[in-house]
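# Observations on the model geometry
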Amino acid sequence: MAEEQRHLYHCDCCGELFKSKQRAIEDIKCGSCGEHPVKPKFAAVSEMPALDKHDKKSKHGVPGMDEADLFSMKKKQQRKNWTIICLMWVVGLAVIALMANRMNNKAKAAAIADVELDDADKAYVIRKNDAYQKCKSRFVRFARVSVVQSKSSHILNGSELVLDINRYYRGNLMRNDLASSEIIKFDLIESGDQPKAAALFRYTQRATQTAKPYDFEVLFWKKGDDWFIDWPHFVRLGEVNWFRFCEDKKKNSPKRFKLYARERSANSLDLSGYDEYKLSEAYNNSVLPSQLSISVFVKHQTKLKTQLTNKFKELRERREKKIVTEEVIGSFDRPKNRLLRLDVTVDFEEIEGETQLVLKEIHGFNWETPPAKEN
């Protein structure tokens, strides 16, 4: 039999809602207080159907709806969540351990490389310190002696340069006070065929003198276990006196000099297939300026012209890129990155009816005089 329909009613006396079978309104009494009447508008309101058949009954004992079951399900969900968290922790720790192992392996490899590099560095430092002490001692002894033969014993190929040493010191004061100079920069250079060492000395005048300190450079070459001074480099030695050579203007008498060369300017001359460059003698002294420059002409479309063009191009590029080097040799050349050091042979020739100095040969773009190679 179909379930009997029930309706909601509202008691005007006690305010309670109650259910009752459908009947005439005057026969309905409140299920709580037993009084009458009820509001007519509620008389036709049916009881709201349950959303689920279990809503009309207690949930106790219903599978999945019992409170014990709900509690059990929560525990299962919590266990599941903790299991996921633990797995994530295990995976994370495994990843960290793997990364740490890789980093440790890399660190070990880097440490081995560092040890090898350190060993090489330490060996170089030992050689550099040894060279420093020997070069400093060599220069002090060289500067203190005032006899040409004694000086020559401290110079590379000194026995072959005795005549040049005599000639040089006849016109120049033998400065034995330079022995008090201190090395402010030192470099051991082992990249070439022959080991060499470059030192920048600073000479400070005595307290009674007012002149400012100045710097000068000394180049040393290793021969056997000892170091010797590159004396032609130290004194900027030429075959003859540069000033007298330029004054004499003697043609067909080529001579070799260590000079500075300056790049061509907008005011440079062009004479019958020759370009003008400015060359000047230089002192090994950071205070004294070079002598007045002399015009030297270089013939067009020659190897000499190409060499100079390329070298000055390199200087311009270094200047534009603002490249600064810490090299000892050339550290006080002025102006920076605008002068070339040249080891050249020059001679006087007739050009357009006038005697002009002409570049004949470039021996090198430095003033070094290395030891002769042994066969």
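Residues numbered from 1 in each chain as written. Predicted model: local features only at pLDDT ≥ 70, side-chain atom pairs only at ≥ 80, totals over all residues. Heavy atoms only, no water.

## As for the overall build of the protein chain
For the protein chain, the count of helices and strands is 6 helices and 12 strands. Counting only residues that meet the buried cut, the protein chain has 32% of its 375 residues in that class. Considering only intrachain contacts with a sequence separation of at least 6, the fraction spanning at least 24 residues in the protein chain is 55%. About 24800 Å² of surface is accessible on the protein chain, with carbon and sulfur atoms providing 53% of the total. (Helix = DSSP H or I, 4+ residues; strand = E, 2+ residues; numbered from the N terminus. Buried < 20%, exposed > 50% of the residue type's maximum accessible area, 1.4 Å probe, protein only. Contact = heavy atoms within 4.5 Å. Areas by Shrake-Rupley, 256 points an atom, 1.4 Å probe, with all protein chains shown as cover.)

## A closer look at the side chain of Lys-196
Inspection of the secondary structure puts Lys-196 in strand 4 (residues 196–203). Residue classification places Lys-196 among the buried residues on the basis of a relative accessible area of 16%. Separated by 3.0 Å, the side chains of Lys-196 and Glu-368 make a polar contact. Discounting chain neighbours no more than four positions away, the residues touching Lys-196 are Asp-187, Leu-188, Ile-189, Leu-219, Phe-220, Trp-221, Trp-227 and Glu-368. (Polar contact = N/O pair within 3.5 Å; in protein donor to acceptor, adjacent residues only side chain to side chain.)

## Observations concerning the sheet that holds strand 5 (residues 214–223)
Taking strand neighbours across the sheet as the criterion, the 4 strands line up as 3-4-5-6 in an open arrangement whose pairing is antiparallel. Two strands in the sheet have a free side with no partner beyond their single neighbour: strand 3 (182–189) and strand 6 (226–229). Neighbour-to-neighbour, the strand axes of the sheet open up by a mean angle of 30°, direction not taken into account. As defined by bridge partners, strand 5 adjoins strand 6 across 4 bridges and the pair is classed as antiparallel. Bridge pairing in strand 6 links Trp-221 to Phe-228. (Pairing = 2+ DSSP bridges. Axes fitted to C-alpha atoms, helices over the stretch in contact; angles between N-to-C directions.)

## Some points on the environment of Ser-181
Relative to the assigned elements, Ser-181 resides in the loop between helix 3 (162–171) and strand 3. Separated by 32 residues in sequence, Ser-181 and Pro-213 have C-alpha atoms that sit 9.7 Å apart. Other than its neighbours up to four places away in sequence, Ser-181 contacts Phe-201, Arg-202, Tyr-203 and Phe-216. Reaching out from Ser-181, the side chain makes a polar contact with the backbone oxygen of Leu-178 at a distance of 2.8 Å.

## Structural notes on a nonpolar patch on the surface
Taken together, the side chains of Trp-82, Ile-85, Trp-89, Leu-93 and Ile-96 define a hydrophobic patch exposed on the protein surface, amounting to about 610 Å² of accessible area. Residue position: Ile-96 is located in helix 1 (residues 67–144). Residue classification places Ile-96 among the exposed residues on the basis of a relative accessible area of 55%. (Patch = residues over 30% accessible without salt bridge, like charges linked within 9 Å, V, L, I, M, F, W, Y side chains within 5 Å. Salt bridge = Lys/Arg side-chain N within 4 Å of Asp/Glu carboxyl O.)

## Let's talk about the nonpolar core
Counting 31 residues, the largest nonpolar core has Phe-139, Phe-216, Phe-220, Trp-231 and Phe-234 as the members making the most contacts within it. The element that contributes the greatest number of residues to this core is helix 1, accounting for 6 residues. Counting 22 residues, the second-largest nonpolar core is a separate cluster that includes Trp-242, Tyr-277, Leu-279 and Leu-340. (Core = buried A, V, L, I, M, F, W, Y, C linked by side-chain atoms within 4.5 Å.)

## Overview of the packing of aromatic side chains
Within this structure, the stated rule accounts for 19 aromatic pairs. Taking the centre distance of 5.3 Å and the plane angle of 85° together, the rings of Tyr-132 and Phe-186 count as edge-to-face. In this pair, Tyr-132 sits in helix 1 while Phe-186 sits in strand 3, placing the two residues 54 residues apart along the sequence. With centroids separated by 4.6 Å and ring planes inclined at 40°, the aromatic side chains of Phe-139 and Phe-201 adopt a geometry described as tilted. A residue pair is termed long-range when its members are at least 10 positions apart, and Phe-139 in helix 1 and Phe-201 in strand 4 qualify at 62 residues. (Phe/Tyr/Trp six-rings, centres within 6.5 Å; stacked < 30°, edge-to-face > 60°.)

## A short note on helix 6 (residues 303–320)
For helix 6, spanning 18 residues, the distance from its first C-alpha to its last is 26 Å, which sits close to the expected 26 Å at 1.5 Å a residue. Those residues of helix 6 not exposed but buried are Leu-304, Lys-305, Leu-308, Phe-312 and Leu-315. Across the axial projection of helix 6, the buried residues extend over an arc of 95°, all falling on one side. Exposed positions of helix 6 whose direction lies more than 90 degrees from the buried face are Lys-303 and Glu-320. (Expected span 1.5 Å × (residues − 1). Arc of directions from axis to C-beta.)

## A word on unusual backbone geometry
Although it is not a glycine, Gln-301 sits at a positive phi angle of roughly 50°. With respect to the helices, strands and loops of the structure, Gln-301 is situated in the loop between strand 10 (294–299) and helix 6. Given the relative accessible area of 82%, Gln-301 is considered exposed. For Glu-352, which is not a glycine, the phi torsion comes out positive at approximately 55°. With respect to the helices and strands, Glu-352 occurs in the loop between strand 11 (339–351) and strand 12 (354–364).

## A look at the pairing of strand 10
Relative to strand 10, strand 9 (residues 274–281) is paired through 6 bridges, and the arrangement is antiparallel. Note on strand 10: the bridge partner recorded for Leu-279 is Ile-294. Note that strand 10 and strand 12 share 2 bridges and pair parallel. Note that in strand 12 the partner of Val-296 across the bridge is Leu-357.

## A few points about the confidence of the model for the protein chain
Counting all residues, the mean pLDDT for the protein chain is 82, and 80% of those residues have values of 70 or more. Confidence drops under pLDDT 50 across residues 41–47; counting only partners more than four residues distant or on other chains, this segment forms 17 contacts. Taken as a whole, residues 53–57 scores under 50 in pLDDT and shows 4 contacts with residues more than four places along the chain or in a different chain. (pLDDT = per-residue confidence, 0-100.)

## Concerning the side chain of Lys-151
Take Lys-151: it is sitting in helix 2 (residues 148–152). One buried charged side chain, Lys-151, makes no salt bridge at all; its nearest oppositely charged neighbour is Asp-177, positioned 9.4 Å away. (Lys, Arg positive; Asp, Glu negative; His and termini not counted.)

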